[in-house]
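Results of the structural survey
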Amino acid sequence: MVTEEEIETVSKLMKIPIDNHKEYVEKVHTMIDYFDILDSAGVESEEISMQEISISKLRDDEYIPFDEKLIEKLNHYKGTYVRAPKMSS
């Protein structure tokens, strides 16, 4: 499973200041347990159907300049980083 050292390494790489890495070990294990539940759902044989759309019916890509700084339109930012909500237990 994930170790405290791995969380510390990832937090440094992502430039996320975390004081207590041990606190996040249990949260990461909980997330991984949820992925294990999803993996065991056995939906590999399920067929996913989608309606085919002709490429000629798709809209054309168009560049639309945005004159304002998008980062200034966000509610929570610090420098060039956007703050996400804290994880709850």
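Conventions and cut-offs
- All chains use their own residue numbering, which begins from 1 and follows the written sequence.
- Local features in a predicted model are, by the rule used here, given only for residues with pLDDT of at least 70; side-chain atom pairs are given and counted only at 80 or more, and totals for whole chains, interfaces and linings are based on all residues.
- Calculation of side-chain values draws on the structure's entire complement of heavy atoms; hydrogens and water are dropped beforehand.
- A helix here means a DSSP run of H or I that spans at least four residues, while a strand means a run of E at least two residues long, and both kinds are numbered starting from the N terminus.
- When accessible area is computed with a 1.4 Å probe and restricted to protein chains, residues below 20% of their type maximum are described as buried, those above 50% as exposed, and intermediate ones as partly exposed.
- Pairing of N or O atoms within 3.5 Å defines a polar contact, subject to two protein rules: one partner must be a possible hydrogen donor and the other a possible acceptor, and residues neighboring in sequence count only if both atoms are side-chain atoms.
- Every residue pair with non-hydrogen atoms within 4.5 Å of one another is taken to be in contact.
- Helix axes are fitted to C-alpha atoms over the stretch in contact, other axes to C-alpha atoms as well, and angles between N-to-C directions run from 0 to 180 degrees.
- Comment on the angle field: the value is read as roughly parallel under 35 degrees, roughly antiparallel over 145, roughly perpendicular from 65 to 115, and oblique elsewhere.
- Ten residues, namely Ala, Val, Leu, Ile, Met, Phe, Trp, Tyr, Cys and Pro, are considered nonpolar, four, namely Asp, Glu, Lys and Arg, are considered charged, and the remaining ones, Gly among them, are considered polar.
- Only one rule defines a salt bridge in this text: a Lys or Arg side-chain nitrogen within 4 Å of an Asp or Glu carboxyl oxygen.

1. As for the side chain of Ser 11
- Tracing the sequence through the fold places Ser 11 in helix H1 (residues 4–13).
- You can call Ser 11 buried: its relative accessible area is 5%.
- Within the local environment of Ser 11, its side chain forms a polar contact with the backbone oxygen of Glu 8, the two atoms lying 2.8 Å apart.
- Sequence-distant contacts of Ser 11, that is, excluding residues within four places in its chain, are made with Ile 16, Ile 18 and His 21.

2. Focus: the packing of H1 against helix H2 (residues 21–39)
- Here H1 crosses H2 at 105°, and the two axes come no closer than 9 Å. By the criterion of interaxial angle, the relationship of H1 to H2 is roughly perpendicular. Contacts between H1 and H2 involve Glu 4, Ile 7, Glu 8 and Ser 11 from the former and His 21, Lys 22, Tyr 24, Val 25 and Val 28 from the latter.
- Class assignment for the residues of the contact of H1 with H2 results in 4 nonpolar, 2 polar and 3 charged.

3. Considering the environment of Tyr 63
- Locating Tyr 63 in the fold gives a position in the loop between H2 and strand S1 (77–78).
- Its relative accessible area of 71% is what places Tyr 63 among the exposed residues.
- Residues Tyr 63 and Ile 16, spaced 47 residues apart in sequence, show a C-alpha to C-alpha distance of 33 Å.

4. Focus on the pattern of salt bridges
- The tally for this structure, following the rule as stated, stands at 3 salt bridges.
- Residues Glu 23 and Lys 27 are paired through a salt bridge, measuring 3.8 Å at the closest nitrogen-oxygen approach. Of this pair, Glu 23 and Lys 27 both sit in helix H2, 4 residues apart, which is roughly one turn of that helix.
- Classification of Glu 23 as partly exposed rests on a relative accessible area of 40%.
- Judged by relative accessible area, Lys 27 falls into the buried class, the value being 15%.

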